[in-house]
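Structure at a glance
Chain by chain, the residues run as shown.
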Amino acid sequence: MSFAEPRFLLFLPAALICYFASPKRVRPYTLLAASLVFYWFAGGVFALLVISATAVTVYLTALRLGALRRSDAPKRRRKAPLAACLALNFGLLFLFRYSGRLIPSLGLLLIPGISFYTFQSAGYLIDAYRGKLEPERNILKLALFISFFPQLVIGPISRHSQIADDLFAGHGWNWERARGGISRIIWGYFLKLVIADYAAVPVNAVISSYQNYGGAVIAFAVLLYSFQLYADFAGGISIAIGVGKLVGVTMPENFAQPFFARSLTDYWRRWHITLGAWLRDYLFYSLALSKPLGRLGRVTRRAFGANLGKMIPASVATFAVYIVMAVWHGLSFKTLAYGLLNGGLITLSLYFGPFWEKLRRVTKLDGGRGFGAVFATVRTFVLVVFLRYFARAVSLRAALSMLKRTLLRFEPRALLDGTLGTLGLTAGEYATLAAAIVLLLARDAVAERAVKLGSNFESRLASARPAAQFLLTAAVLALIVYCGVYREGYIASQFIYAQY
Amino acid sequence: MEKLLEILKSLHPRVDFANETGLVDRGILDSFDVIALVGEMNDLFGVEVDLEYLEPENFNTVDAMAKLLRKLGATL
């Protein structure tokens, strides 16, 4: 089951009624039962068996790690159960994600959200290994942490310390919280149904037969795809966070106005934040501070001097992280190229950091204010759109060919000669899409300003005049109804990130 | 303490480290800085900052870093 399916709109009220009708102590178990029903709808009995295997192995291993830690067992004795459990669960993830590609005769058994819950479970296990949490003794509570239905198929990837107390508290109904939750859900559907699903139409039309289009139309499609992907993923996350709020569970945010980033590193800090934090805490630091890379650092510092030398271990770890991220997105040359390009550009920015700093001083352009800030934001946006060629093209060859057309056969007249009208959207629909994208950017601009003032978007919205709040909600709802319900032949598509 | 401030100044010369209270939370120190910082701390103070100490609260202020170093047996 996906948030975009009508049956979710039946499931959610039913789950909420059962949850709030339960006695406080029983509510976490009601939530677990609702999560299992949700997952059963989403992936069938087989998916339930696979997630149960993860819950049981993680539960037992974490308890064992806790016991070993209490008995002051040496690190290497604690490493064995951790490694075995991680290997088993990442093995399952790899098997179900890629079996169909590697051995086509096996077919592809889809386990929805397997990446999200595997990463979340692995984080829990590593935290137990590092002594950062007391392992959960109640297996049903751990099962709820792993399978909590709003985040099950699309994230965010939460840490145990972030949501466990809320999950097990059995919070009752709270109007204030519910209002915040409903507003997040409405915004999420707006992003998905009005922006993502509309933008998908011309994007799919161009990308599937890019050979028929000039560079300008291809660039237009990739630009739209950048908004589509953001709206699709952030929309799903917004619905997940909103549903969580209804039952009193505050999940971590996954996006922080990514299109306002001032550098590629900054962009990745604002995009899919919970995966980025996971990769940083459990992979990047482990690699960069590992003994082999520590030795490499000492050798390179002697060979290349302190500044350059100390960057080399960080660069190696960066490449490793982006390659893992690329493999997570799919096993293909284009995702590998995407990962290597990101890792390469970020490493370059690391090495050229002192040079840019000097240039900024000489030109007196401050990246944090005025023209300097606008320049940095636009430059980053262009870079992000360029990288999206590799994310969206059907193959590496297609991505390179699309880039070649963009650079060598731009043909800008195609943007005005009616070609865009043949891509599946009418002029009115393009106008609606454009207005919706402007609304999204305006919302992010307000949120960006709120963060600078030490607040957040929700607080800013709550302090706005009731009439303004009402008008905004009414406009967003009207657009959802107009675009998502009344458009002829319209069927909401699956969330892009639900395939992971 | 002076040595610690010197390491930090070499990473970001323009930051007022002595009075900053949210070095990690406010994004002044990113993960690359933390890696470089921990490498220098290990070398200069003869300690081993383990992964379990890589939490924002240990790196948000100079005092927190000094406290961590003392906990690991360094003399500042």
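**Comments concerning the overall build of chain A**
- Secondary structure assignment for chain A yields 19 helices and 0 strands.
- Taken over the C-alpha trace, chain A has a radius of gyration of 24 Å; the compact-globule value for 500 residues is 23 Å, and the two agree within 12%.
- Taken along its principal axes, the extent of the C-alpha atoms in chain A is 70 × 65 × 55 Å.
- A fraction of 74% describes how many contacts in chain A between residues 6 or more apart in sequence connect residues 24 or more apart.

**Some thoughts on the overall build of chain B**
- Across its full length, chain B carries 4 helices and 0 strands.
- Reading the secondary structure of chain B in the N-to-C direction produces α-α-α-α.
- Here the C-alpha atoms of chain B give a radius of gyration of 11 Å, agreeing with the 11 Å that 2.2 N^0.38 yields for 76 residues.
- Across its three principal axes, chain B shows a C-alpha extent of roughly 30 × 25 × 20 Å.
- Buried positions account for 25% of the 76 residues belonging to chain B.
- By sequence separation, contacts in chain B at least 24 residues apart represent 58% of the contacts at least 6 residues apart.

**Remarks on the environment of A:Gly244**
Residue and element names in this part refer to chain A.
- For Gly 244, the location among the structural elements is in helix α9 (residues 215-246).
- Here Gly 244 falls in the buried class, since 23 other C-beta atoms lie within 10 Å of it.
- Sequence separation of Gly 244 and Val 438 is 194 residues, and the distance between their C-alpha atoms is 27 Å.
- Once you skip the residues sitting within four places of it in the chain, Gly 244 turns out to touch Pro 150, Val 249, Thr 250 and Met 251.

**Description of the packing of helix α5 (residues 139-147) of chain A against helix α7 (residues 160-169) of chain A**
All names here are of chain A.
- Two elements in contact, α5 and α7, have axes whose closest approach is 10 Å; the angle formed by their N-to-C orientations is 120°. It follows that α5 is oblique to α7 by the angle criterion. Once α5 is placed against α7, the crossing between them reads as right-handed. The residues of α7 that touch α5, namely those facing Lys 141, Leu 144 and Phe 145, are His 160, Ala 164, Leu 167 and Phe 168.
- Among the residues forming the contact of α5 with α7, the class breakdown is 5 nonpolar, 1 polar and 1 charged.

**A few points about helix α8 (residues 175-208) of chain A**
- Helix length check: α8(A) (34 residues) gives 47 Å between terminal C-alpha atoms against 50 Å at 1.5 Å per residue, within 8%.
- Of all the bends found along α8(A), the most pronounced is centred on A:Val201 and spans about 30°, while A:Pro202, a proline, follows it within four residues.

**Focus: the confidence of the model for chain B**
Residue and element names in this part refer to chain B.
- Confidence in the prediction of chain B, expressed as mean pLDDT, is 88, and 100% of residues score 70 or more.
- Confidence, read as mean pLDDT per element, is least for helix α2 (residues 31-45) in chain B (86) and greatest for helix α4 (residues 62-71) (94).
- Across the assembled chains, the prediction reports ipTM 0.86 with pTM 0.90.

**Thoughts on the nonpolar core**
All names here are of chain A.
- In this structure, Leu 125, Ile 195, Ile 218 and Ala 221 are the most contacted members of the largest nonpolar core, which totals 134 residues.
- With 21 residues, the top contributor of residues to this core is α9.
- When sequence neighbours within four positions are dropped, the list of residues in contact with Ile 195 reads Phe 227, Gln 228, Ala 231, Leu 433, Ala 436, Ile 437 and Leu 440.
- Listed in part, the 7 residues of the second largest apolar core include Phe 260, Ala 261, Tyr 267 and Val 384.

The rules behind each value
- Starting from 1, residues in each chain are numbered consecutively following that chain's sequence as written.
- Chain labels run from A onward and ligand labels from 1 onward, assigned in the order the entries are written.
- With pLDDT at 70 or above as the cut-off, local features in this predicted model cover only qualifying residues; side-chain atom pairs require 80 or more to be listed or tallied, and sums for whole chains, interfaces and linings still use all residues.
- Per the convention used, a helix needs a DSSP run of H or I reaching at least four residues, while a strand needs a run of E reaching at least two, with both numbered from the N terminus.
- Values of the radius of gyration come from C-alpha atoms, whereas the globule rule sets the reference at 2.2 Å times the count of residues to the power 0.38.
- A pair of residues counts as a contact when their C-beta atoms, built from backbone coordinates, are separated by no more than 7 Å.
- Partly exposed residues are those whose C-beta has more than 12 but fewer than 20 other C-beta atoms within 10 Å; with 20 or more the residue is buried, with 12 or fewer it is exposed, and the C-beta atoms are placed from the backbone.
- Helix axes are fitted to C-alpha atoms over the stretch in contact, other axes to C-alpha atoms as well, and angles between N-to-C directions run from 0 to 180 degrees.
- Orientation is classified from the angle alone, with under 35 degrees giving roughly parallel, over 145 giving roughly antiparallel, 65 to 115 giving roughly perpendicular, and any other angle giving oblique.
- Take the far helix as the reference: if the near one is turned anticlockwise from it by less than a right angle, the crossing is left-handed, and if turned clockwise, right-handed.
- Any residue that is not Ala, Val, Leu, Ile, Met, Phe, Trp, Tyr, Cys, Pro, Asp, Glu, Lys or Arg is counted as polar, Gly included; the first ten are nonpolar and the last four charged.
- Each residue after the first adds 1.5 Å to the expected span of a helix.
- The quantity called bend is, for any residue, the angle between two axes fitted respectively to the seven residues ending at it and the seven beginning at it.
- The predictor reports its confidence for every residue as pLDDT, a score running from 0 up to 100.
- Under the definition applied here, buried Ala, Val, Leu, Ile, Met, Phe, Trp, Tyr and Cys residues are grouped into a nonpolar core through C-beta atoms within 7 Å.

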